[in-house]
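If you want the building blocks of each chain, they are given just below.
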Amino acid sequence: MTDITNKDSEQDVKIAVIDSTLDNATRRMELIHKRIDRTEERVTKLNEDVRERIRALEKWVWGAGAILTAFIVIGGIVGELNLIPDGSEEVSNVSS
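Just so we're clear, the structure is a prediction, and the values are computed from it rather than from any experiment.

1. Remarks on the overall build of the protein
Part 1 of the reasoning: What the protein contains, in helices and strands, is two helices and zero strands.
Part 2 of the reasoning: Sorting the 96 residues of the protein into buried and exposed places 0% on the buried side.
Part 3 of the reasoning: Split by element, the accessible area of the protein, about 9,300 Å² in all, is 62% carbon and sulfur.

2. Some points on a positive patch on the surface
Part 1 of the reasoning: There is a patch of like positive charges on the surface, built from K34, R35, R38 and R42.
Part 2 of the reasoning: The topology assignment puts R38 in helix α1 (residues 2-81).
Part 3 of the reasoning: Its relative accessible area of 43% is what places R38 among the partly exposed residues.

3. Examining α1
Side chains three or four residues apart in an α-helix point the same way, a direct result of the helix having 3.6 residues per turn.
Part 1 of the reasoning: With 80 residues, α1 should cover 118 Å at 1.5 Å per step; its first-to-last C-alpha distance of 118 Å lies within 8% of that length.
Part 2 of the reasoning: With its phi angle positive at about 55°, N82 sits one or two positions after the end of α1.

4. Overview of a nonpolar patch on the surface
Part 1 of the reasoning: Residues M29, I32 and I36 make up a contiguous nonpolar surface patch of about 270 Å² in total accessible area.
Part 2 of the reasoning: Inspection of the secondary structure assignment puts I32 in helix α1.

Rules and cut-offs
Residues numbered from 1 in each chain as written. Predicted model: local features only at pLDDT ≥ 70, side-chain atom pairs only at ≥ 80, totals over all residues. Heavy atoms only, no water. Helix = DSSP H or I, 4+ residues; strand = E, 2+ residues; numbered from the N terminus. Buried < 20%, exposed > 50% of the residue type's maximum accessible area, 1.4 Å probe, protein only. Areas by Shrake-Rupley, 256 points an atom, 1.4 Å probe, with all protein chains shown as cover. Patch = residues over 30% accessible without salt bridge, like charges linked within 9 Å, V, L, I, M, F, W, Y side chains within 5 Å. Salt bridge = Lys/Arg side-chain N within 4 Å of Asp/Glu carboxyl O. Lys, Arg positive; Asp, Glu negative; His and termini not counted. Charge placed at Lys NZ, Arg CZ, Asp CG, Glu CD. Expected span 1.5 Å × (residues − 1).

Take a look at the structure:
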């Protein structure tokens, strides 16, 4: 009877150790899942921040392009209207 009792107590100890190990593993897994969730939230927030910065830069680029286009168009119109005298007219007036 003592052999059975000893064997039974050994098995109880092994079961308790296995149960404790399983509980620890479960807690670790829960912590890992929480860390993963926090990391996903951070990555999502950073991704949104980067997208907002890109949108802002795109607006600046479009604005700069519009200003350059306006200067080019105005320069072309002024050049065609001959509103600004060039040096060739002065040379022809001096030589006559």
